[in-house]
Amino acid sequence: MVVDSDGLITAEGTPGFEGIVVGGITPGRRFTLYSVLGDWFIFACLVFLGLKAAGFLARNAGWIGQSKIATAPTFPSASKS
């Protein structure tokens, strides 16, 4: 069975036929996001997801997001009774 891009059968063998069926089709031209942008869109998505994952891991590991301001140490008060 030979099926074109619209799902229409263009050629088929008889019932019980075992062999090769040859038929002609014309390639369909559909505009999709992938056909317009190609692999660049997929690569951009992967880079974005990688950066988000790296930021998430860095934040959870404590590498970023913590205050870098030094504070004075606190000492217990020396009260004499």
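Residues numbered from 1 in each chain as written. Predicted model: local features only at pLDDT ≥ 70, side-chain atom pairs only at ≥ 80, totals over all residues. Heavy atoms only, no water.

Describing the overall build of the protein
Then, in step 1: Of the regular secondary structure elements, the protein holds 2 helices and 2 strands.
Then, in step 2: Secondary structure of the protein in N-to-C order comes out as β-β-α-α.
Then, in step 3: For the protein, the proportion of its 81 residues judged to be buried stands at 6%.
Then, in step 4: Expressed as a percentage of contacts within the protein between residues at least 6 apart in sequence, the contacts between residues at least 24 apart total 7%.
Then, in step 5: Looking at the protein as shown, the accessible area adds up to about 7700 Å², and 65% of this sits on carbon and sulfur atoms. (Helix = DSSP H or I, 4+ residues; strand = E, 2+ residues; numbered from the N terminus. Buried < 20%, exposed > 50% of the residue type's maximum accessible area, 1.4 Å probe, protein only. Contact = heavy atoms within 4.5 Å. Areas by Shrake-Rupley, 256 points an atom, 1.4 Å probe, with all protein chains shown as cover.)

Some words on a nonpolar patch on the surface
Then, in step 1: Judged by side-chain polarity, Phe31, Leu33, Tyr34, Val36, Leu37, Trp40, Phe41, Ile42, Phe43 and Leu46 come together as a nonpolar surface patch covering roughly 1100 Å² of accessible area.
Then, in step 2: Elements supplying a minimum of two residues to the nonpolar patch: helix H1 (33-37) and helix H2 (39-61).
Then, in step 3: With 5 residues, H2 is the largest single contributor of residues to the nonpolar patch.
Then, in step 4: Looking at the secondary structure, you find leucine 33 in helix H1. (Patch = residues over 30% accessible without salt bridge, like charges linked within 9 Å, V, L, I, M, F, W, Y side chains within 5 Å. Salt bridge = Lys/Arg side-chain N within 4 Å of Asp/Glu carboxyl O.)

A closer look at H2
Then, in step 1: With 23 residues, H2 extends 33 Å between its outermost C-alpha atoms, agreeing within 8% with the 33 Å of an ideal straight helix rising 1.5 Å per residue.
Then, in step 2: Among the residues trailing H2, glycine 62 stands out with phi positive, at a value near 85 degrees. (Expected span 1.5 Å × (residues − 1).)

Focus on the environment of proline 27
Then, in step 1: Residue position: proline 27 is located in the loop between strand S2 (9-11) and H1.
Then, in step 2: Sequence separation of proline 27 and aspartate 6 is 21 residues, and the distance between their C-alpha atoms is 9.8 Å.

Observations regarding the confidence of the model for the protein
Reading fine detail from the predicted coordinates is not recommended where pLDDT is low.
Then, in step 1: Confidence along the protein averages 80 in pLDDT terms, with 81% of residues attaining 70 or more.
Then, in step 2: Within the protein, the lowest mean pLDDT, 81, falls on H1, and the highest, 89, falls on H2. (pLDDT = per-residue confidence, 0-100.)

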